[in-house]
Amino acid sequence: MLTPLVAAAGAAVGVLVLFFGQRALAPVLAGGPGATCTEPDCLLGVGLWLIVGGVLAVCASLVAGAVFRHPDRPVRRGLFVALWCVAAYLVESVVLWILA
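Residues numbered from 1 in each chain as written. Predicted model: local features only at pLDDT ≥ 70, side-chain atom pairs only at ≥ 80, totals over all residues. Heavy atoms only, no water.

Asks: Got a sec to walk through the packing of aromatic side chains? Specific residues and values, please.
Replies: Tallying each qualifying case throughout the model produces two aromatic pairs. Note on Phe 19 and Phe 20: the rings are 5.4 Å apart at their centroids and 75° apart in plane angle, and the pair reads as edge-to-face. An angle of 80° between the planes, with centres 6.2 Å apart, marks the rings of Phe 80 and Trp 84 as edge-to-face. Here Trp 84 and Phe 80 lie together in helix 3 (residues 74–99), a separation of four residues that amounts to about one turn. Residue classification places Phe 80 among the partly exposed positions, given a relative accessible area of 47%. (Phe/Tyr/Trp six-rings, centres within 6.5 Å; stacked < 30°, edge-to-face > 60°. Helix = DSSP H or I, 4+ residues; strand = E, 2+ residues; numbered from the N terminus. Buried < 20%, exposed > 50% of the residue type's maximum accessible area, 1.4 Å probe, protein only.)

Asks: So what's going on with the UniProt feature "transmembrane region" (unreviewed entry) in the chain? Residues and values would help.
Replies: The sites that UniProt annotates as "transmembrane region" (unreviewed entry) are residues 48–68 and 80–99. Counting secondary structure, residues 80–99 comes out at 100% helix and 0% strand; the distance between its end C-alpha atoms is 29 Å. (UniProt positions renumbered as here; feature names shortened; annotations may be inferred.)

Asks: Got a sec to walk through the nonpolar core? Specific residues and values, please.
Replies: In this structure, Val 15, Phe 19, Ala 26, Val 46, Leu 50, Ala 57, Tyr 89, Leu 96 and Trp 97 together form the largest nonpolar core, which totals nine residues. Broken down by secondary-structure element, the contributors of at least two residues to this core are helix 1 (2–30), helix 2 (40–67) and helix 3. Each residue touching Leu 50, except ones within four places of it in the same chain, is listed here: Phe 19, Gln 22, Tyr 89, Ser 93, Leu 96 and Trp 97. Grouped together as the second largest cluster of nonpolar side chains are seven residues, Ala 64, Ala 82, Cys 85 and Val 86 included. (Core = buried A, V, L, I, M, F, W, Y, C linked by side-chain atoms within 4.5 Å. Contact = heavy atoms within 4.5 Å.)

Asks: Describe the side chain of Thr 3, listing the residues and the values that go with them.
Replies: With respect to the secondary-structure elements, Thr 3 resides in helix 1. Given a relative accessible area of 2%, Thr 3 falls into the buried group. Those residues in contact with Thr 3, other than ones at most four positions away along the chain, are Gly 65, Phe 68, Arg 69, His 70, Pro 74, Arg 77 and Gly 78.

Take a look at the structure:
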């Protein structure tokens, strides 16, 4: 039971750190050279997809933590699952900002 809780909590912390960091950098990221859309609607779309991706990352970490439980090292396995889910969220974020 400890593995899914550690995985979900770790993923939530990682996703929130990345989300608020990107929120602070949004004006710089969206208006750069070669941007395909510099309208505020693009930032709104990216922000919504980042929120959806963050919720999905936390849910996926909870499910993966339950599936990949380890009886000897539950905290370590939970942190490992959280790391992979946050890495997937980071990849999603990079793709979204490249497309924006």
